[in-house]
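One letter stands for each residue in the lines below.
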Amino acid sequence: MSDPSPALVTASGLTKKYGDLVAVDGISFEIREGECFGFLGPNGAGKTTTVRMIHCVSPVTAGSLLVGGLPAAIDNRDLKKMTGVIPQEINLDNDLTVHENLIVFARFFDIGRREAKARIAELLRFVELEAKSGSKISELSTGMKRRLLIARALINRPRLIVADEPTTGLDPQARHLIWQRLRQLKSQGATLVLTTQYMEEAQQLCDRIVVMYQGKILKEGTPSRLVEDEIGREVVEVRVPPEDDARILGQLASFPCAHERVGDTLYFYCREGHALMRKLLELDLPNTLNRPATLEDVFLKLTGRSLHE
Amino acid sequence: MSLSYRVAYVFLRNLYSYKRFVVPTFLVSLIEPLFYLITFGIGMGAYMGAFGGKPYLHFLVPGVLATAVMMSASFECLYGTYIKIVHEKVYDSLIATPVSADEAVAGDILWGSFRGLVSGSLMMAVALAMGVAPASAWRFALLLVFMVFVGVLFGSLAMIVTSIAPSFDFFSYYTELVITPMMFFSGVFFPLDNFPGWMKTLAGFMPLTHVVRISRSVYTGEAAPGLGWSLAGLLVLAAVVFTISTRMMRKRLIK
């Protein structure tokens, strides 16, 4: 990127506390106009709390958070008017039909009835729900509900779209449709803020990501840069008992690969895994896998491979 | 407090959702007052002779009317709002829009008040059919306005309870310990004259007592002493309770 766009969201020392619990611990970042910016992290890392502060439904405890040059505050209606939120939880209005859900939402944004109807027709086409306009919410599949959440988030033609784990619980078809739509929105000039636990999603959608853990930002960069810097190009996995580590590692001293032992597996992070793979096969270790490094490796390396509960 | 015309949008949302339940809620709203008026008014009333020169039914109607408004507004702002916060997450999606938490709460209180007005009006229709009419046309209109106010008062009160309710069961404390006693000790079914002094004092602290006094006086056209004080007290109480309810709800909604 030769000439980065101006920042739409600027956080510095951003902190959120719930009583004694520090959910977001003095983080700083910049989201540029027109990019897709991803927050990655395990459950409880502070991703959702961060984006909730960005879209003005959770007050900032300390530090500063500017959106479009304005402080993000609960009663900042100007910011809410320019923001579209695709929530993690499906909070559609179950008492209302698909069309009524959107009509009522348009009202909340002061959009007149005629204009609302035109936009709704367009949005239902966009998310491929034209046929469901009069349906009750209970008649929709999870994928349809998630698509309706996207249509609802776009009713005010937002400049900033906040998507909090937008594909949780979806099958691959539904997920890919949502990814396509989100990319389409970005190409139309919207700025996208995404939280996700799916590394593939981050790789598919994000220009830049930050990896969050325990309220802090561990790393920031483009997905491919992070993989390259943190892991290398390839990963070799060897499934062997830990007792064999010394013997195997002794044989591999000449290979420039970092290694890590997790449970029943020995991981090697290399620029090029082919030669190592050959050597391991020579050592009669058939239970070996050579694959390209992914964001998932970065994620697991940075946040640890143990469970976060 | 952050209030604007957007309160109307929240009311409108409720109206949309209400469309589907109009018929059943009308039926329920009609059946309950009918039971009260038939059992107490006609059944019991037959043994009671004249009440201040008129059949008992004339004494009973304004009180039951006020109770119906209280009940509807309370239940809407207890169960209705709780469902919208906890189960349907309507509030979560609302406060992410330019609608403020205060407006969402005020819109729901107004909605509770509207439900109260519907119940009260149906009740009045039954009373009219039984020949118990307000003393004049303007008194009839005044009663409608008063019902809206009573709805706001009890809706706000219920909203405070909802703001701290950890679950549905919590509402039983409020309905059994506050609403039900009020219904029996606020002069709805009989005058408070025969209560011992301390009970009269206690009844004086119950908002429904004053609501019933005003309702009865407006309905029948009979003057009652200190009615202005009753009204002033209720107005102040409503303002205080409304303010507290929006504050406490904001605490629940915004974290």
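Residues numbered from 1 in each chain as written. Chains lettered and ligands numbered in written order. Predicted model: local features only at pLDDT ≥ 70, side-chain atom pairs only at ≥ 80, totals over all residues.

Colleague: How would you explain the overall build of chain B if you had to name every residue and give the values?
Modeller: Scanning chain B from N- to C-terminus turns up 10 helices and two strands. Its helices and strands in sequence order give chain B the pattern α-α-β-β-α-α-α-α-α-α-α-α, from N to C terminus. The globule rule puts the C-alpha radius of gyration for 255 residues at 18 Å, and the 18 Å found for chain B is close to it. Seen through its C-alpha atoms, chain B measures out along the principal axes to roughly 60 × 40 × 35 Å. Across the 255 residues that make up chain B, the buried fraction comes to 47%. (Helix = DSSP H or I, 4+ residues; strand = E, 2+ residues; numbered from the N terminus. Rg over C-alpha atoms; globule rule 2.2 N^0.38 Å. Buried ≥ 20, exposed ≤ 12 C-beta atoms within 10 Å, placed from the backbone.)

Colleague: Requested: an account of the overall build of chain A, with residues and values cited.
Modeller: From N to C terminus, chain A includes 11 helices and 14 strands. For chain A, the spread of C-alpha atoms along the principal axes amounts to about 75 × 45 × 40 Å. Across the 309 residues in chain A, those meeting the buried criterion constitute 42%.

Colleague: Account for the packing of helix H5 (residues 142-153) of chain A against helix H6 (residues 172-187) of chain A, naming residues and giving values.
Modeller: Residues and elements named next belong to chain A. The geometry of H5 relative to H6 is characterised by a closest axis approach of 10 Å and an angle of 10 degrees between their N-to-C directions. With respect to H6, the element H5 is oriented roughly parallel. From H5, Gly143, Arg146, Arg147 and Ile150 reach across to H6, where they touch Ala174, Ile178 and Arg181. Its residues assigned to classes, the contact of H5 with H6 shows three nonpolar, one polar and three charged. (Axes fitted to C-alpha atoms, helices over the stretch in contact; angles between N-to-C directions. Parallel < 35°, antiparallel > 145°, perpendicular 65-115°, else oblique. Contact = placed C-beta atoms within 7 Å. Nonpolar A, V, L, I, M, F, W, Y, C, P; charged D, E, K, R; others polar.)

Colleague: Summarise the interface of chain B and chain A; cite the residues concerned and give the values.
Modeller: Contacts between the two partners involve 20 residues from chain B and, on the opposite side, 24 residues from chain A. Looking at the side of chain B that touches chain A, the elements with two or more residues in it are helix H1 (7-18) and helix H4 (90-95) of chain B. The dominant element in the side of chain B that touches chain A, judged by the number of residues it contributes, is H1 of chain B, at five residues. A class-by-class count of the residues in the side of chain B that touches chain A yields nine nonpolar, five polar and six charged.

Colleague: Could you give me a rundown of unusual backbone geometry, with the residues and numbers involved?
Modeller: Residue and element names in this part refer to chain A. Of note, Cys56 is a non-glycine position whose phi angle comes to about 65 degrees, a positive value. Its location among the elements puts Cys56 in the loop between helix H1 (47-54) and strand S4 (62-67). Unusually for a residue other than glycine, Arg157 sits at a positive phi of about 45 degrees. Locating Arg157 in the fold gives a position in the loop between H5 and strand S7 (160-164).

Colleague: Can you break down the sheet that holds strand S6 (residues 83-86) of chain A residue by residue, with the values?
Modeller: All names here are of chain A. The six strands lie next to each other as S6-S7-S8-S3-S9-S10, forming an open sheet whose pairing is mixed. Of all the strands in the sheet, just S6 and strand S10 (216-221) have a single pairing partner and so form its edges. Strand-to-strand twist of the sheet, defined as the mean angle between neighbouring strand axes without regard to direction, takes the value 15 degrees. Across five bridges, strand S9 (residues 208-213) lies against S10 in antiparallel orientation. In the strand pairing of S10, Val210 is matched with Glu220. In the packing of H6 onto the sheet, the strands contacted are strand S3 (36-40), S7 and strand S8 (191-196), and the crossing angle to S8 comes to about 150 degrees. (Pairing = 2+ DSSP bridges.)

Colleague: Give me the sheet that holds S4 of chain A: which residues, what numbers.
Modeller: Residues and elements named next belong to chain A. If you trace the four strands from one edge of the open sheet to the other, you get S2-S1-S4-S5, paired in antiparallel fashion. The outermost strands of the open sheet, each flanked by one partner alone, are strand S2 (21-32) and strand S5 (70-71). Sheet analysis places S4 next to S5, joined by two bridges and oriented antiparallel. Of the residues in S5, the one forming a bridge with Leu66 is Pro71.

Colleague: Tell me about H1 of chain B, and name the residues and values.
Modeller: Between its terminal C-alpha atoms H1 of chain B stretches 17 Å, which fits the 16 Å expected from 12 residues at 1.5 Å a residue. Among all positions of H1 of chain B, only Val7, Tyr9, Val10, Arg13, Asn14 and Ser17 of chain B are buried. Against the buried residues of H1 of chain B lie helix H3 (98-108) of chain A together with H4 and helix H5 (101-129) of chain B. (Expected span 1.5 Å × (residues − 1).)

Colleague: Which residues make up the domain arrangement of chain A, and what are the values?
Modeller: Residue and element names in this part refer to chain A. The domain boundaries assigned to chain A delineate domain 1 (1-82 + 160-221), domain 2 (91-157) and domain 3 (232-303). If you average the C-alpha positions of domain 1 and of domain 2, the two centres end up 24 Å apart. Contacts between the two partners involve 10 residues from domain 1 and, on the opposite side, 10 residues from domain 2. The greatest single-element share of the side of domain 1 that touches domain 2, amounting to three residues, is contributed by H6. Taken together, the residues of the side of domain 1 that touches domain 2 sort by class into five nonpolar, two polar and three charged. (Domains from an automatic or database assignment.)

Colleague: Now, about the packing of helix H3 (residues 56-87) of chain B against helix H9 (residues 207-220) of chain B: what can you tell me, with residues and values included?
Modeller: All names here are of chain B. With their axes 9 Å apart at the nearest point, H3 and H9 run at an angle of 130 degrees to one another. What the angle tells us is that H3 and H9 run oblique. The handedness of the crossing between H3 and H9 is right-handed. Across the interface between the two elements, His58, Val61, Pro62, Gly63, Leu65, Ala66 and Met70 from H3 touch Leu208, Val211, Val212, Ser215, Arg216, Tyr219 and Thr220 from H9. Classifying every residue of the contact of H3 with H9 gives nine nonpolar, four polar and one charged. (Left-handed = near helix turned anticlockwise from the far one by under 90°.)

Colleague: Give a description of the confidence of the model for chain B that names residues and reports values.
Modeller: Per-residue pLDDT for chain B has a mean of 92; in total, 100% of the residues score no lower than 70. Our summary of model confidence lists the complex with pTM equal to 0.89 and ipTM equal to 0.88. (pLDDT = per-residue confidence, 0-100.)

Colleague: Summarise the pairing of strand S12 (residues 258-262) of chain A; cite the residues concerned and give the values.
Modeller: Residues and elements named next belong to chain A. Note: S12 against strand S13 (residues 265-270), five bridges, orientation antiparallel. When the sheet's bridge partners are listed, Val262 is paired in S13 with Thr265. Taking the residues that link successive antiparallel strands as the turn, the S12-S13 hairpin has two residues, and the phi of Gly263 there is positive, at about 60 degrees.

Colleague: Which residues make up the environment of Met123 of chain B, and what values go with them?
Modeller: Its location among the elements puts Met123 of chain B in helix H5. Leave out the neighbours within four places in its chain, and Met123 of chain B touches Pro33, Val64, Leu65 and Ala68 of chain B.

Colleague: Go over the pairing of S4 of chain A, please, and point to the residues and values.
Modeller: All names here are of chain A. Pairing analysis gives five bridges linking strand S1 (residues 7-18) to S4, with the strands arranged antiparallel. Residue Thr15 lies in a different strand from S4, and its bridge partner there is Ala62. If you look at the hairpin formed by S4 and S5, you'll find two residues sitting between the two strands, and Gly68 has a positive phi there, around 55 degrees.

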